[in-house]
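Secondary and tertiary structure notes
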Amino acid sequence: MKLNPPNFIDPAAATALQHASHVVVFTGAGVSSESGIPTFRDALTGLWERFDAASLATPAAYRKDKDLVWGWYEWRRMQVLRALPNPAHIAIAALAQFVPKLTVVTQNVDDLHERAGSTNVVHLHGSLHTPRCFACGRPHHLDQEIPREPEGGRRLRPPNCDHCGGSIRPGVVWFGESLPTQELNSAFTAAKQCDVMLVVGTSGLVQPAAGLPARAKNAGASLIQINPVKTDLDGECTWTLYGQAGTLLPKLLNMAFPNMDLTRVA
Ligand code: BV8
Ligand code: ZN
């Protein structure tokens, strides 16, 4: 497989976007990294360095030490509240005006796609902004103010449910938990129907989300991947553009749609 040089954009990828009637943009943590949100692999910095993200993102971890898990998620929510959408999020939002149908499917639990202007974003792994009761499942309202920076090991006692007094958990999908059925079915349907899937900033390791590009390809779609490094999805993709999403995505979309205005800085 010919490896394109960094930041090279094959004009054929832009042409495929121009002729597409339904585009799916499938994103992972890499699309938010230029907003300062660490990807899952490097999510643990500073005080968190001695933990493994995947071992914290489980129901067992919460049962074992809910203050530690809640403190980690509040720290991540604080990072998101302080972050801004980057040019990749803005380009994806702008794309909606240039293609007949656009579906944004994300593995991310931040709301940066929405804050850039994307609508009806399909969140396969939930959201930091929709906590719920671990016992009865009722949604819990969290103030949008920046949570206080947990001191020390960043343990933070989770609030209690107004209805049953149970402990509040993050509204994300943990490892070992099933993905929300409606969102997963919407993503599978969009993958089957689209002509082009943009695969942006994902290592393609976490299932069943990582199976989406193959579903799109098997249904006849062209796949355009944007990632600084090689991933497990390289073989599936028609084109792989090696580079940062915040740089390559605006360039690619401007090649496809020259009158797309991407000057709005978030
Ligand atoms: C489930 C929310 C059924 C939490 C996350 C086969 C089928 C089904 C399940 C499995 C299976 N095989 C294994 C499993 C189990 C497991 C799994 O997939 N494990 C993996 C590790 C092998 N899957 C599950 O448990 C799923 N549940 O299948 O239910 C079930 C039910 C009961 C019992 C068993 C099964 C649930 C998975 C969801 C987990 N929750 N997130 C939270 O956020 O805390 S996943 C989490 O990790 C992220 O959401 C993300 O999706 C994933 C990967 O994290 P990252 O690597 O950081 O992000 P990403 O992959 O997006 O990679 C970053 C990329 O960006 C890199 O490639 C990097 O190069 C690139 N990048 C960096 N900078 C830039 C950039 N790209 C562009 N521009 C840049 N500037
Ligand atoms: Zn409750």
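All figures in this text were calculated on a predicted structure; none of them were measured in a lab.

So, the UniProt feature "binding site: substrate" (unreviewed entry) in the protein chain
With numbering matched to this structure, UniProt assigns "binding site: substrate" (unreviewed entry) to Tyr73 and Arg76. Lining the largest cavity, out of the annotated residues just given, are Tyr73. Within the element layout of this structure, Tyr73 appears in helix H4 (residues 66-82). Sequence-distant contacts of Tyr73, that is, excluding residues within four places in its chain, are made with Ala57, Leu128, Pro170, Val172 and Trp174. Here Arg76 is to be found in helix H4. The contact partners of Arg76, leaving out residues within four places of it in the chain, are Phe40, Val109 and Leu128.

Observations regarding the packing of helix H1 (residues 11-19) against helix H9 (residues 245-256)
H9 packs onto H1 with a crossing angle of 65° between their chain directions and a minimal axis gap of 8 Å. The handedness of the crossing between H1 and H9 comes out as right-handed. Contact residues: Pro11, Ala13, Ala14, Leu17 and Gln18 in H1; Leu252, Leu253, Met255 and Ala256 in H9. When the residues that make up the contact of H1 with H9 are grouped by side-chain class, the tally is 8 nonpolar, 1 polar and no charged.

Examining the layout of surface pockets
Put simply, the largest pocket is a space of about 800 Å³. Contributing to the lining of the largest pocket are 40 residues, with Ala29, Phe40, Arg41, Gln107 and Asn108 lying nearest its centre. Ranked by residues supplied to the lining of the largest pocket, first place goes to H4 with 4 residues. Class assignment for the residues of the lining of the largest pocket results in 18 nonpolar, 16 polar and 6 charged. Mapping the lining of the largest pocket onto the domain boundaries places at least three of its residues in each of domain 1 (1-36 + 84-126 + 179-266) and domain 2 (38-82 + 132-169).

Basis of the calculations
- Residues numbered from 1 in each chain as written.
- Chains lettered and ligands numbered in written order.
- Predicted model: local features only at pLDDT ≥ 70, side-chain atom pairs only at ≥ 80, totals over all residues.
- Heavy atoms only, no water.
- UniProt positions renumbered as here; feature names shortened; annotations may be inferred.
- 1 Å grid on protein atoms, 1.4 Å probe; cavity = no way out; pocket = protein on both sides within 12 Å on 5 of 7 lines; lining within 4 Å.
- Helix = DSSP H or I, 4+ residues; strand = E, 2+ residues; numbered from the N terminus.
- Contact = heavy atoms within 4.5 Å.
- Axes fitted to C-alpha atoms, helices over the stretch in contact; angles between N-to-C directions.
- Left-handed = near helix turned anticlockwise from the far one by under 90°.
- Nonpolar A, V, L, I, M, F, W, Y, C, P; charged D, E, K, R; others polar.
- Points joined across faces, edges and corners; volume = space filled by probe spheres on them.
- Domains from an automatic or database assignment.

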